[in-house]
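Coordinate analysis (summary)
Residues per chain, in single letters:
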Amino acid sequence: AGQWGGTRAAHSLRPILSELGCLPVSAMIHVPFAQQVFDDNGTVVGGESEETKWVSYVDRCLSQLEWWGEAAKNHRTESDPTIASPVFTKSPSQRNAP
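Computed from a predicted structure; not experimentally measured.

Here we take up the state of the cysteines. By definition, a disulfide is the covalent link that joins the sulfur atoms of two cysteine residues. The tally for this structure, following the rule as stated, stands at zero disulfides. Considering cysteine sulfurs only, cysteine 61 is the nearest to cysteine 22, which forms no disulfide, with 13 Å between them. The class for cysteine 22 is partly exposed, based on a relative accessible area of 38%. For cysteine 61, a relative accessible area of 11% gives the class buried.

Below is the structure:
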């Protein structure tokens, strides 16, 4: 798998998560060689400047996630998503074309 094995797995899961109704954000958080980035207590190795870089990197993803959450919440107040796409009442076969 190597240092990027988890990244390849995450990219493969994106379409599956979308099908399940998740909204994956474009900014992903990759930490190759995590054991070199964090110490045993989970603190970023390299001091404050390294920590600032990682916080900025992670904030990009979290900002996108927060934006999607707020957008979905705001839209839900305007439109009920179950009207256009009703919840299954019997079985998943209801999604099949007539």
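Attention now moves to the layout of surface pockets. Taken as a whole, the second largest pocket spans an internal volume of roughly 160 Å³. Gly21, Leu23, Trp68, Ala71, Ala72, Lys73, His75, Arg76, Ser79 and Pro81 together form the lining of the second largest pocket. Ranked by residues supplied to the lining of the second largest pocket, first place goes to helix H3 (residues 48-78) with six residues. Taken together, the residues that form the lining of the second largest pocket break down as five nonpolar, three polar and two charged.

What follows covers the packing of aromatic side chains. Aromatic rings considered in pairs are described by the distance between their centres and by the relative angle of their planes. A complete count under the given rule lists three aromatic pairs for this structure. Seen in terms of ring centroids, tryptophan 54 and tyrosine 57 are 5.5 Å apart; in terms of plane orientation they differ by 80 degrees. Their pairing is edge-to-face. Here tryptophan 54 and its partner tyrosine 57 are both found in helix H3, three residues apart, which amounts to about one turn of the helix. Centroid distance tryptophan 67 to tryptophan 68: 5.3 Å. Interplanar angle 85 degrees. Geometry classified as edge-to-face. For tryptophan 67, a relative accessible area of 55% gives the class exposed. Taken together through their ring pairs, the aromatic side chains of Phe38, Trp54 and Tyr57 make up a single cluster.

Attention shifts here to the pattern of salt bridges. By the definition in use, this model includes one salt bridge. Two residues, lysine 53 and glutamate 50, come together in a salt bridge whose shortest N-O distance is 3.2 Å. Note that lysine 53 and glutamate 50 are positioned in helix H3 at a spacing of three residues, about one turn of the helix.

Cut-offs applied
- Residues numbered from 1 in each chain as written.
- Predicted model: local features only at pLDDT ≥ 70, side-chain atom pairs only at ≥ 80, totals over all residues.
- Heavy atoms only, no water.
- Disulfide = S-S within 2.5 Å.
- Buried < 20%, exposed > 50% of the residue type's maximum accessible area, 1.4 Å probe, protein only.
- 1 Å grid on protein atoms, 1.4 Å probe; cavity = no way out; pocket = protein on both sides within 12 Å on 5 of 7 lines; lining within 4 Å.
- Points joined across faces, edges and corners; volume = space filled by probe spheres on them.
- Helix = DSSP H or I, 4+ residues; strand = E, 2+ residues; numbered from the N terminus.
- Nonpolar A, V, L, I, M, F, W, Y, C, P; charged D, E, K, R; others polar.
- Phe/Tyr/Trp six-rings, centres within 6.5 Å; stacked < 30°, edge-to-face > 60°.
- Salt bridge = Lys/Arg side-chain N within 4 Å of Asp/Glu carboxyl O.

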